[in-house]
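The residues making up each chain are set out below.
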Amino acid sequence: MDENKSNPHSTSTSQTTRETADCIFERLRFQITRLGSATPLTSHIFFIFGASGDLAKKKIYPTLWWLYRDGFLPERIRFIGYARSQITIATIFEHAAKYMKVENHERETFQKFVELNSYCVGHYDVEKDFQHLNDEANRLSKQESAHRLFYLALPPNVYESVTELISKHCRPKPPGWIRLIVEKPFGKDLQSSNKLSEHLSKCYVEEEIYRIDHYLGKEMVQNIIVLRFANHILSRVWNRDSIAAVIIIFKEDIGTQGRGGYFDQFGIIRDVIQNHLMQILSIVAMEKPRSTKGEDIRDEKVKLLRCISPVKPEDVVIGQYIGDKDSGDVEHQQGYLDDKTVPDNSTTPTYAQLILNINNERWAGVPFILRAGKALNEKKAEIRIQFRDAPGAMFDEDIRENDPNGRLARDELVMRVQPNEAIYLKLNTKRPGEMGFIIEETELDLTYGDRYQGVKLPDAYERLILDVFMGSKINFVRSDELQEAWRIVDPILELVDQKKLPLIPYKFGVFGIPEAFEAAAKHGYIFRGTYLWKDERSGSITSKEQKKKEKNR
Ligand SMILES: NC(=O)C1=CN([C@@H]2O[C@H](COP(=O)(O)OP(=O)(O)OC[C@H]3O[C@@H](n4cnc5c(N)ncnc54)[C@H](OP(=O)(O)O)[C@@H]3O)[C@@H](O)[C@H]2O)C=CC1
Ligand SMILES: O=C1O[C@H](COP(=O)(O)O)[C@@H](O)[C@H](O)[C@H]1O
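The name given to the chain in an unreviewed UniProt entry is Glucose-6-phosphate 1-dehydrogenase, and the organism recorded there is Rotaria socialis. As its UniProt record puts it under Function (unreviewed entry), the chain is described as follows: "Catalyzes the rate-limiting step of the oxidative pentose-phosphate pathway, which represents a route for the dissimilation of carbohydrates besides glycolysis." Regarding the chain, the UniProt comment filed under Sequence similarities (unreviewed entry) reads as follows: "Belongs to the glucose-6-phosphate dehydrogenase family."

Right, here's the structure in full:
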């Protein structure tokens, strides 16, 4: 018998899930109105520059749709796409369709959203095109003082002219405000980044600029601050006395997939480490901010970055993927240089590991290892805090008998940013049921999918675009943070660009580069390879199933 039918008070799982999600949305909407900055009745215009491009199609249009669908955007809003391509808004929506994930019951709402969108053709450096865009915006919003948000989903070579012409021709009349969302890369090195910052500061005040780093919008990255500063038990051990090493890992199981034109000019250090991983590092290691205000948090991040010396060449390992001709997977047979958008003899790294030292009282001597690679065996991002060995030799005999490594495993706190967000603490326990002290590794586990069933975690772009509407800058990068992050990697980038560091080839689909593991071990990060994550231990999940699950999320 169907229990739900017989009991009017019971709900089906999907109903419960929907209700949980509704409660969360309701709470969020309340927070937004309380913060008041989205001012629901004032007109807003959201401009998407580079509307014909990849990011716009995959992330920006879908995010705007989800925010609109869930009732987070101001009532009076228009969206205007802008690019050089002679296309229509219909074409843009056709291309973005598969990323929008519109459900059948949402069709009517979606249609309303589509009707709020339009597209303007124009160049990125022609004054009259921007004047025309401004006229069009005024006509559509019927208000010259509508608040305006500009998303620059554009390659960096046009940032300067676009930002100048927006400021010159497309500012709203007061009291309308303007907010400019700038995508990374913010420059190519310290010098070009400073030049861009100087240029922006001539046309905009800092409050108007939102430098987006989408990792700052990820649930687990946002949780680091709470985990660290709302748990006394952790704050006592969060230092060099207890922590042996910290490793922040980014892995992708795809290659450049046709984005080689962009990637080859930047490489993995600029693409991922200088921004996403350095941002994570600064939150993991900063001192406690005075408050949760954006400026207080960013002040602490900058202070921390200032304690890091530029990376030394001996602390760097770089690599480039090659095709694995024996692989059954056609994509894995293609190396980086086989990508048609990559120059034939490119030496751009697709894998890098940098080991940093933070010269302050809390962290001196603790290696911070930043590791990122494309075309590896899995997609994963995580932070591992490895604690020091348990002192005293009490279990030595028992370990020698039972453990091939002859030493106790180190405790490790892992924050899995993606996929399947989780926080788990790896610990040693007595193997249950055994007579003696047979020790095995296990975990205290907070897997979000189990603990928070039915809770929808918004996509990083959803949170960040909403932040811009609300005028919250906590999750955006300040110019001095940016400057410090570039300072740390700048000398290494110079050596990489001059081809002065050995580039290690690795096969598409491998776990990583042995030289990087050896360097991490030499600095004190011990990887035993004996621990199995709970799902792997129980055999309940194979990596293919894991992938499938992730794809369906
Ligand atoms: N794609 C992604 O997944 C991510 C992208 N980003 C960042 O977002 C920004 C946009 O990326 P993405 O959408 O991939 O880029 P695209 O290469 O798709 O470029 C976006 C649009 O810019 C215009 N454009 C492209 N090349 C040039 C050029 N040389 N000169 C002038 N205009 C040009 C094109 O529009 P038209 O010709 O119609 O004017 C194009 O549709 C970049 O800064 C990138 O680093 C960040 C994170 C992820
Ligand atoms: O910024 C970038 O990030 C993506 C990875 O983002 P994720 O949210 O899927 O982890 C990366 O593929 C890309 O090269 C880089 O520009």
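There's more to say after this.
(A) Layout of the pairing of strand β1 (residues 44–49). Burial analysis of β1 places 6 of its 6 residues in the buried class, the great majority of the element. Side chains H44, F46 and I48 project from β1 onto one buried face, and the interleaved I45, F47 and F49 project onto a second face that is buried too. Direction of pairing for β1 relative to strand β4 (residues 147–152): parallel, over a ladder of 6 bridges. By the bridge assignment for β4, H44 is matched with H147. Taken together, the 6 bridges between β1 and strand β2 (residues 77–83) define a ladder with parallel strand orientation. Bridge pairing links F47 to I80 in β2. At this point the chain moves from β1, through helix α3 (residues 54–69), to the parallel β2, and the crossover so formed is right-handed.

(B) Representation of the site of ligand 1 in the model. In the vicinity of ligand 1 there are 21 residues, among which S52, D54, L55, S85 and Y124 approach most closely. L55 is positioned with one of its backbone polar atoms (N or O) 2.7 Å from an oxygen atom of ligand 1. Within the contact set of ligand 1, an oxygen atom lies 2.4 Å away from a side-chain nitrogen or oxygen of S85. Here ligand 1 loses 75% of its free accessible area of 870 Å² to cover by the protein chains. Its residues assigned to classes, the shell around ligand 1 comprises 11 nonpolar, 5 polar and 5 charged.

Definitions and limits used
Residues numbered from 1 in each chain as written. Chains lettered and ligands numbered in written order. Predicted model: local features only at pLDDT ≥ 70, side-chain atom pairs only at ≥ 80, totals over all residues. Heavy atoms only, no water. UniProt positions renumbered as here; feature names shortened; annotations may be inferred. Buried < 20%, exposed > 50% of the residue type's maximum accessible area, 1.4 Å probe, protein only. Helix = DSSP H or I, 4+ residues; strand = E, 2+ residues; numbered from the N terminus. Pairing = 2+ DSSP bridges. Right-handed = clockwise from strand over helix to strand, strands pointing away. Near = heavy atom within 4 Å. Polar contact = N/O pair within 3.5 Å; in protein donor to acceptor, adjacent residues only side chain to side chain. Areas by Shrake-Rupley, 256 points an atom, 1.4 Å probe, with all protein chains shown as cover. Nonpolar A, V, L, I, M, F, W, Y, C, P; charged D, E, K, R; others polar.

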